[in-house]
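Listed below, chain by chain, are the residues.
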Amino acid sequence: MTTTTIVKAPSTSAPPAPAAAAAPAGGVATGAKIRVHALRYNPQEPGSVPHMQTYELEQTEGMTLFIALSEIRETLDPTLQFDFVCRAGICGSCAMMVNGRPTLACRTLTRDVGPDITLAPLPVFELIGDLSVNTGRWMRGTSERLEAWLHGDPQARDICRIEEPMEPELAEKLNELDRCVECGCCVAACGTARMRPDFVGAVGMAKIARFRLDPRDKRTDDDYYELVGTDDGVFGCMSLLACHDVCPKDLPLQTQIAFLRRKMAGKGWA
Amino acid sequence: MKVVYTDVLVIGGGLAGLRLAIAARRRGHDALILSLVPPKRSHSKAAQGGMQASLGNVIKGQGDNEDVHFEDTVRGSDWGADQEVVRMFVNTAPKAVRELAAWGVPWSRVRKGDRQVVINGQKVTITERDEAHGLVAQRDFGGTKKWRTCYVSDCTGHAMLQAVGDQAIAAAIPVHERTEALALIHDGGRCYGAVVRDLVTGTLSAYLAKATAITTGGAGRLYRVTTNAVICEGIGHAIALETGVAALGNMEAVQFHPTGIFPAGILVTEGCRGDGGLLKDADGHRFMPDYEPEKKELASRDVVSRRMEEHIAKGKGVKSRFGDHLWLDITLLGEQHIRHNLREVYEICHYFMGVDPVKDMIPVRPAQHYTMGGVRTKPSGESPTLKGLFSAGEAACWDMHGFNRLGGNSVAETVVAGMIVGEYVADFCDRAENDVNIPTGVVREFLEREQAKLDRLAQGGGSEDAAKLKARMQEIMTAKVGIFRRGKDLEEAVDELQELLVRSRSIGLRSRAPGPNPELVTAYRTQKMLRLALTVAYGALTRTESRGAHFREDHPRRDDAQWLKRTLATWKSDADTLPTLDYEPLDIRRMELPPGWRGYGAKDYTDHPDTAARQAEVDALKEKHADRFARQRALMPYDHLLPQRLKGRNERIDERFPAAPGGAGDTPESAFAWESE
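Values in this document were obtained by computation on a predicted structure and should not be read as measured data.

Novice: Explain the sheet that holds strand β3 (residues 51-52) of chain B here, please?
Specialist: Strand pairing in a sheet relies on backbone hydrogen bonds, with the paired strands running either antiparallel or parallel. All names here are of chain B. Here we have three strands laid out as an open sheet, ordered β3-β7-β6, and antiparallel in their pairing. The open sheet has two free edges, formed respectively by β3 and β6 (138-139), since each of these has just one partner strand. As paired elements, β6 and strand β7 (residues 149-150) share two bridges and run antiparallel to each other. Its bridge partner lying in β7, Gln-138 is registered against Cys-150.

Novice: Where do I start with a nonpolar patch on the surface in this structure?
Specialist: Among the surface-exposed residues, A:Met195, A:Met238 and A:Leu240 lie close enough to one another that they form a single nonpolar patch of about 340 Å² accessible area. Its location among the elements puts A:Met238 in the loop between α8 (221-228) and α9 (242-246).

Novice: What should I look at first to understand the side chain of B:Asp560 in this one?
Specialist: Residue and element names in this part refer to chain B. When you line up the elements, Asp-560 lands in helix α16 (residues 560-563). A distance of 2.8 Å separates a polar atom in the side chain of Asp-560 from a polar atom in the side chain of Arg-547. Sequence-distant contacts of Asp-560, that is, excluding residues within four places in its chain, are made with Arg-547, Pro-595, Thr-606, Asp-607 and His-608.

Novice: Looking at this structure, I do not really get the pattern of salt bridges. What am I missing?
Specialist: Opposite charge on two side chains permits pairing when their charged atoms draw close. Residues and elements named next belong to chain B. Per the counting criterion, the structure on display carries 96 salt bridges over all chains. Here Arg-365 and Glu-309 are joined by a salt bridge, their closest N and O atoms 2.8 Å apart. One end of the pair, Arg-365, is in strand β17 (residues 362-371); the other, Glu-309, is in helix α8 (residues 301-316), and 56 residues separate them in sequence. Relative accessible area serves as the criterion here: at 24%, Arg-365 is assigned to the partly exposed category. A single network of salt bridges, built from pairs that share partners, joins Asp-78, Glu-252, Asp-302, Arg-306, Arg-543, Glu-545, Arg-547, Arg-558, Asp-560 and Arg-598.

Novice: Where do I start with the interface of chain A and chain B in this structure?
Specialist: How big an interface is tends to be expressed through the accessible area that disappears when the partners come together. The partner chain B presents 90 residues to the 76 residues of chain A that form the contact. With both sides pooled, the region where chain A packs onto chain B buries about 6600 Å², and carbon together with sulfur makes up 53% of that total. Here A:Glu182 makes a salt bridge to B:Lys40, at a shortest N to O gap of 3.2 Å. Our enumeration of links across chain A and chain B arrives at 36 residue pairs in polar contact (both at pLDDT 80 or more). Of all the secondary-structure elements, those providing two or more residues to the side of chain A that touches chain B are α1 (65-76), β8 (132-133), α3 (135-146), α4 (168-178) and α7 (201-213) of chain A. Per-element tally for the side of chain A that touches chain B: the top contributor is α4(A), with eight residues.

Novice: Can you walk me through the packing of helix α1 (residues 15-26) of chain B against helix α4 (residues 156-170) of chain B in this structure?
Specialist: Think of two packed helices as two axes; the pair is described by the angle between the axes and how far apart they sit. Residue and element names in this part refer to chain B. For the pair α1 and α4, interaxial distance at closest approach is 9 Å and the crossing angle is 35°. When the axes of α1 and α4 are compared, the crossing they make is left-handed. Contacts between α1 and α4 involve Leu-15, Leu-18, Arg-19, Ile-22 and Arg-26 from the first element and Met-160, Leu-161, Val-164, Gly-165, Gln-167 and Ala-168 from the second. Of the residues belonging to the contact of α1 with α4, the class tally is seven nonpolar, two polar and two charged.

Novice: Just checking my understanding: could you explain the nonpolar core for this structure?
Specialist: Within the largest apolar cluster, 110 residues are counted, with the highest numbers of intra-cluster contacts made by A:Leu69, A:Phe84, A:Leu119 and B:Ile330. What A:Phe84 contacts, discounting residues up to four positions off in sequence, is A:Leu65, A:Phe66, A:Leu69, A:Cys94, A:Ala105, A:Cys106 and B:Val230. Listed in part, the 74 residues of the second largest apolar core include B:Leu184, B:Ala219, B:Leu469 and B:Ala537.

Calculation rules
Residues numbered from 1 in each chain as written. Chains lettered and ligands numbered in written order. Predicted model: local features only at pLDDT ≥ 70, side-chain atom pairs only at ≥ 80, totals over all residues. Heavy atoms only, no water. Pairing = 2+ DSSP bridges. Helix = DSSP H or I, 4+ residues; strand = E, 2+ residues; numbered from the N terminus. Patch = residues over 30% accessible without salt bridge, like charges linked within 9 Å, V, L, I, M, F, W, Y side chains within 5 Å. Areas by Shrake-Rupley, 256 points an atom, 1.4 Å probe, with all protein chains shown as cover. Salt bridge = Lys/Arg side-chain N within 4 Å of Asp/Glu carboxyl O. Polar contact = N/O pair within 3.5 Å; in protein donor to acceptor, adjacent residues only side chain to side chain. Contact = heavy atoms within 4.5 Å. Buried < 20%, exposed > 50% of the residue type's maximum accessible area, 1.4 Å probe, protein only. Buried area = accessible area lost by both parts, 1.4 Å probe. Axes fitted to C-alpha atoms, helices over the stretch in contact; angles between N-to-C directions. Left-handed = near helix turned anticlockwise from the far one by under 90°. Nonpolar A, V, L, I, M, F, W, Y, C, P; charged D, E, K, R; others polar. Core = buried A, V, L, I, M, F, W, Y, C linked by side-chain atoms within 4.5 Å.

This is the structure in structure tokens:
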């Protein structure tokens, strides 16, 4: 990280911000300058060297990092790589390090994290370029290793007939654990994941906890022990619990990991 | 030359593509999915409110069945839908919900006893039946007679995508993530696969398959203001169009969702209104009952969106620096309900606007939402003109939505179409005559042609800026091909879009960075999107009537006499700047539900000469058959169109099957036997 270049937006005459749109205490006012410092590196380009690049643009009302980065690409630098899909905080594509913390960029308001915003790709995952990482491959690999799908009754259910009932509370609990968007923030924030390339992360353990809770899944704790009863699973977790702090969906990771580890420790002991 | 072979090439990794691939895989065929993004990030995820299926478990859904769902859907479509396809759909939707339940979707469930709900702005107590306890629950949605929308809180699409995506992994279906199909490989009569660009390395390769399926979703990004994800650019539509052989149906039929968050366009679900939320104006007045006394906020989306814009045009909008908007008020639903059943809405309001919907109203205005048109197919999902090309879901026009889709019918369509078309794709691959034998020279030609196009963009020295052309296109579409359309605006739109298309041939790049090169991506997609935009705008200009979401101020009547027909667009030559339009008439004499008034919206239409005779025929047949199944068969037999696995009837609390012959462990086959009574 040797060079730093600055690209500035052509200055525009900003409309005065109405009083109602004034930034909250500590936030960036509409019309003020913000500076986005992005890590640049294109592995496909021979001779490309990782470096920081700074882009200067104007804070607009309601500006998110999605809007800011799109504007940078359209007006300042067409080569900047990043991933957005839903831009509504539901798909998990745009996780990146924002001022050193993994989070969803699309729902991060620049006024809350500016005026100087440092962006870097998530660690742990394979880098595609600049702010874009290959979370998809990691998630698919982990799902395959953990067999993270519902193992139902081998006897196919007759889908013409009325469905199996389920207690409403249980359905809601399952949904609570099912809300993971596989954004990778928990993995990026995880100490063990930095040291153990095959560590399944909070996302992996949450999946196991979710299927374990589901009576439609016919696996037993012995089966789950085979999948996560190792140092790449529940016993690798150092309980630093940054995963819990950074989860954009507020999944109850702390309790789920602790509970699963207790159950699996019981199995290991037996 | 890198060539990848498979049996079924699925372009698009959303719910329709995943489910289709699973169906083919289960029939013993290899399937391979190409996806711009990891499948669980696809736009299917954004379906919040739920999926329509006539289970009739909740008390407000009692009496619901395929017949009611069928009529709601056809009325919603303003009689543009293919009624046989609607029948196939409504019969399969309950099976899809039940299959997904078995695959792990945590559907919200019915709790027996009293509960308080909000109906028409009033708190009402309803009592759920004991025998419904624990079964999949339904909520109310627009344009439906019964509460029919099955849901998982307000993250239904997410939960469905989790389960179906997981099953695709379980079936070991390979997904080539971050790849994009740039062109279909074909010989003018048969499709053989696609030329595909790797969005990590930037290299091209050929994928050859017996069957190729386009399941790429919608084209919302033709518009500036849309609820669609940024990947919904209609590239799947465009590559079908660019064959010059496959047709796109009804591309002018574009849905605007009433409640896009203003001004970002992010969706808040129809479930907000289904659960009792109200639309209010600058004076805090609930205005929808003034326009639609019957269905109020819950008329179909095209009607509600038009009424909202009409109300804003009267000066009743709330002024803001970004323009006018209206309010969605869900405060009356209470914190418990909002935090549990409308949780995504809560999060979106919180993070993007700093609004707490428990206490504050949400600023909304209609935004582009859904592409009713798509790759024209037969009920089997196969193109009638390009053999071996299939399509399903939002990308397709098989055509179950006609000119307006009902809320909850899209995410239902994804899995249902995946189930049905997947079986037809498997049938196709079963037949030896459909083996692929295409000379590699032809494959090389297609690859070289696409590479040459990219090289021309990168090195051709063009001076046009793709991002600017695209932004202008989006501006034109939102301003002139929107909710209210006028002949003059549409003419201007078509003219300027043609200019943009010509200019797009001289796009130049500032960057030649190896790898994905986002600027190059924008460049080639913009060229394709402009053709698609022209297909929408030109279709809208030519259709001189109003039907469903296509509303012409200068032709406000639905005109069945002239326009009860489907638009078919093809793009004959690279040099063309307009699509070639043909029309396919809909045959009233075979309709189960002949055209009439929808039950909401304007009562203003011109009848087709065949309508009265068919209505009389239908009335007589209804008189004759008391049994609803016999009646339906007499009116419009469709059973022959359903794959064998999906023919069975659907059990309900009020329509119990006889006790299963085998007791527990009953298999689908036995239910089919029961069906053939």
